[in-house]
Each structure stands twice: as structure tokens, then as C-alpha cells.
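Listed here are the chains, written in short residue letters.
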Amino acid sequence: MSSRQALRPWLVCLGGAIMLFSVMGLGSNVYSVYQPFIIAQNGFTNTQAAWIITTRSLFIVLGMLTANALCVRVGIRPAVTGAMLLLALSRFLFGATGSLPAYLVAAATTGLAYSWAGMIPLSLLINNWFQDRNAFALGLASAGSGLATILVPTPLTWLIQTGGLKAAFWTEGVFVLALALLVLILVRDEPGSLGLAPYVQGGTAGHPPVHHPAPGGMTPLYWGLYLTAVFLTGAPTGIGISNVGVLYRTEGYNPSTVAALVSCVGLALMAGKILYGELADRLGGRLASYILYVVALAAYGLLCLAPNGSELCAFGAAALFGLALPLSNVSYSIWAKDFLGDAGFSRGLKWSQSLYALGIVVFGPVPGWLADRTDSYVASYQLFLGMMALSWLFIILVYRRTGAGGRPTASPAPSPTK
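Everything quoted here is computed from the prediction, not taken from an experiment. (Residues numbered from 1 in each chain as written. Predicted model: local features only at pLDDT ≥ 70, side-chain atom pairs only at ≥ 80, totals over all residues. Heavy atoms only, no water.)

## Overview of helix α11 (residues 220-242)
To be explicit about the condition: Numbered from the N terminus, helices here are DSSP runs of H or I no shorter than four residues, and strands are runs of E no shorter than two. Any helix carries an expected span of 1.5 Å times its number of residues minus one. The seven residues ending at a residue and the seven starting there each receive a fitted axis; the angle between those axes is the bend at that residue. Under the scheme applied here, a residue whose accessible area is under 20% of the maximum for its type counts as buried, over 50% as exposed, and between as partly exposed, the area being computed with a 1.4 Å probe on protein chains only.
With 23 residues, α11 extends 33 Å from end C-alpha to end C-alpha; this agrees with the ideal 33 Å at 1.5 Å per step. Of all the bends in α11, the greatest reaches close to 30° and is centred on G234; the proline P236 follows between one and four positions later. The buried fraction of α11 amounts to 19 of the 23 residues, a majority that puts the element mostly inside the structure.

Here it is as C-alpha cells:
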């Protein structure tokens, strides 16, 4: 196998990581750093501020429903590059305004960018470029969102405190434009466009592709249970990460500690996505997902202890929370293939991502509403703990019904030539 054949799939993987660094990391995860400052500077109530996240989530749903069609119609590369330009525009809008309606317009633009350069196009890219180590490559690329959450919060907090929200948002917008150029250079829709073949472990010539047929037992009832399980993960993960900063600020932690906690979430998220992808490749989606749910329940339990003032407990919660967050993105690609096979993968991914985003929309105002009445975000994380437990129960039932997600078998070796 030529060095170009060996390297090019990983360059596409790098392009995918930059996509998620931008639209998920900067556009969603790192936003939790801005939220307390937006509330304080503009005099918003917690409920008003929650509507910014809810609006972003509503447009994520709309974007998810159209992402597949957009990628097919214009191509993955033009779609994701255009989405990153939308993200840059949203940063400029956030920086130029101080009114809630304008913030909502910027949030809507962020939501479309999140969908059109997020997990759906990334999963399609990885499926096109990787015949082997698919889950690992997906986890590695999606870890880009965690990298943003590691690197950005501390300098961003400093920039907000010294230059204000406008300087921070506009600096971020210019940075995203540079990242969009890198994506345009690195990403190609499929290897055939460059005269290459998908990545194969060890470069084995003639290695036949492994087909994933749909398992039996996925009746409408169990399809509904699966989609409900996905819906229930939306608020705990999508809203949960956006409110980590304000959770600990409300409980009296200083801004530098909160920024470090958000970075800790990002570091663990980055590691968790890679680890989850590796576990899924080695153990199968079922056992890997069960492990992740156990970590998630432990994380939400510790987040509920934020009022105790223990920084050790807070950093433990942040680490476990980050490790569990692949449940909100990488898992949907694995579950779609486990439960619907290759033929239903795109459909399963679209509905999974859409129901996830719908969960964020439906519960979006709840944390702010509860905080205005209890002066704390802890009640929201108690709710999230219960939702994740119920989601795990439904996933267990679907895996048991279908028998899917077992330990992968080795791919058949090519027949020797005579």
C-alpha cells in the first residue's frame, strides 16, 4: 500500500476533527464559558439565557433532518465548509449584539452549523473512508470537540474579562474562518475521487468488506424504545455540558476554577471518544455502551454534589462527565449500525441525531426555570440522572431483543493466490 493510500484517510479524519472542534467544541461545548457573562452583562434571567440554548437546539433539529439530503445534493465537502462559514457568522452576530432577539438569531445560525458540519456528515465521511477501524476513526475524529473544550476555556475567560464579550466572540469568528479553510483542504467526500480505496487494517490487499445486516427483532415497539432512549440522552448531555459552567459558578466556585472544570470535561471527552471507539471495535457496541452508561450515572451523581464546595469532587465529576459524553454522538453511529445494519445506517443516524436534538429543545428551558425557583442548577442534574438511568434501561431492552452489538468477529482473510 502506498504512503498516500495509508495517509489520506487519516487526513480526512483530521479534517473531521477540525469540523467538530469548530461546530461542537466552539459552537456548543465552550459556550458554557460565555453563559454566566452573558447573563451578568445583559441582566438576563436564567430562563431568558436558557432560551439561547433552546433556540440553538431547535435549529439543530431542523438541521439534522436536512443534513443527509444536503450532503447528497451538494456533497459533503461543500456542505461542511459552508456550515463552518455559518458558524463564523454566528460568532460575529453574538459579538455585535446585546439584545435577546439578536442572540437568538445567532443561536439559530449556530444550530444549523452544528448539524451540517457535525456527526452526520462526519459519520458519512468515516464510513466512506474506513473499511476497518471504523469506530476508532469516528471516535478519534469526534474527539476534536473535546480538544476545543480543553484548550479554549482558560484563554477565552481571560479574553472576556479583559476585552469583553465582543472581542471574545469576534476573535473566535476569525479563528473559525481559518479552520474552515483547513477543512476545505483536507476533506474529500470519498476515496474514489482521488483514485484511492478505503482504509484497510494493515493494508491487506483484497481484504473483503464486512457487511452488517440488520438484526431481527427490531419491531416498531423496540424502534420506539430506541428512539425514546436517544431522546432521553439529549438534555443530560447537550444541556448538561452547556450548563456545567453556570452550575459551579452558581455554587460559588471562582471563574478560573470553573474554566479549569470545563477544560477537564473537554480533556476527558476527548479521551472518552477515542476509548469508546476502541472498546466498540474490540468488545462490540453492546458492552461498550453499557460501560459508558455506568460512567454516566456516576458522573451525574457527582455533579449533584456541587453544593458541597469540594474541588476534588468537582473535578471528579467533570472527568467522569467528559468520559460519558460520547453517549451523545459517537454512540448514535454505533447503535444505528448495530440495530439497522448497513442498509438502514443513514436513516438510523438521521433519526438518532434528530431525536437527540429534540430532547434538548423540549427540556431546554427547564434548567433556567428550575434555577430561577431554587437558586441552583442542582435540581436539573438530578433530573438528568434519572433520565440517563431510564435511557440505559431502554437500550438494554433493545439490545436484548435484537441480539445485536456482540463482540466483532475477525474479517475473513483474502484467499491465497495459486
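There's plenty left to go through after this.
## Things to note about the environment of V295
Convention followed: Any two residues having at least one pair of non-hydrogen atoms within 4.5 Å are treated as being in contact.
Mapped onto the elements, V295 comes out in helix α14 (residues 285-303). In this structure, the C-alpha to C-alpha distance between V295 and I120, residues 175 residues apart in sequence, is 25 Å. Sequence-distant contacts of V295, that is, excluding residues within four places in its chain, are made with L320, L323 and A324.

## Remarks on helix α9 (residues 153-163)
Each α-helix winds once per 3.6 residues, and so residues spaced three or four apart point in a common direction. As a reminder, the rule being used: This arc describes the spread of directions from the helix axis toward the C-beta atoms.
Along α9, the positions that sit buried rather than exposed are P153, L156, T157 and I160. Relative to the axis of α9, the buried residues are bounded by an arc of 100° and lie together on one face. Opposite its buried face, α9 presents the exposed residues W158 and T162, each directed more than 90 degrees away. Against the buried residues of α9 lie α2 (31-42), α8 (144-151), α10 (165-186) and α13 (255-283). Where α9 ends, the next residue or the one after it, G164, has phi of about 95°, a positive value.

## Considering the confidence of the model for the protein
This is how the line gets drawn: How sure the predictor is of each residue is captured by pLDDT, a score from 0 to 100.
Residues at a pLDDT of 70 or more form 95% of the protein, whose mean pLDDT is 88. Segment residues 411-418 is flagged for pLDDT under 50; beyond a separation of four residues in sequence, or across chains, it makes eight contacts in the model.

## A word on a nonpolar patch on the surface
How we decide: For patch detection, residues must exceed 30% relative accessible area and be free of salt bridges, and they are connected within 9 Å for like charges or within 5 Å for nonpolar side chains (Val, Leu, Ile, Met, Phe, Trp, Tyr). Here the open area of atoms and residues is found with the Shrake-Rupley method and a 1.4 Å probe, where only the protein chains shown may cover a residue. The term salt bridge refers to a side-chain nitrogen of Lys or Arg lying within 4 Å of a carboxyl oxygen of Asp or Glu.
A cluster of nonpolar side chains, namely L181, L182, L184 and I185, defines an oily patch on the protein surface of about 350 Å² accessible area. With respect to the secondary-structure elements, L181 resides in helix α10.

## Points about the nonpolar core
Counted only if it meets this: The term nonpolar core refers to a set of buried residues drawn from Ala, Val, Leu, Ile, Met, Phe, Trp, Tyr and Cys, joined through side-chain atoms within 4.5 Å.
Residues Y248 and W335 are the most contacted members of the largest nonpolar core, which totals 136 residues. Considering every element that reaches this core, the biggest residue donor is α11, with twelve residues. Ignoring any residue separated from it by four or fewer positions in sequence, one finds Y248 in contact with Y253, V258, L261, L303, A306, A314 and A317.

## Focus: unusual backbone geometry
Phi angles above zero are rare outside glycine, and D375 is one such case at about 60°. Residue position: D375 is located in the loop between α18 (366-374) and α19 (378-402). Note on D375: relative accessible area 64%, which makes it exposed.

## A few points about the pattern of salt bridges
Tallied over the entire structure, the rule returns three salt bridges. A salt bridge links E278 to R282; the shortest N-O distance between them is 2.5 Å. One end of the pair, E278, and the other, R282, are both in helix α13, four residues apart, so they sit about a helical turn from each other. Owing to a relative accessible area of 17%, E278 belongs among the buried residues under this scheme. Beyond isolated ion pairs, a larger network of salt bridges with shared partners links R133, E278 and R282.

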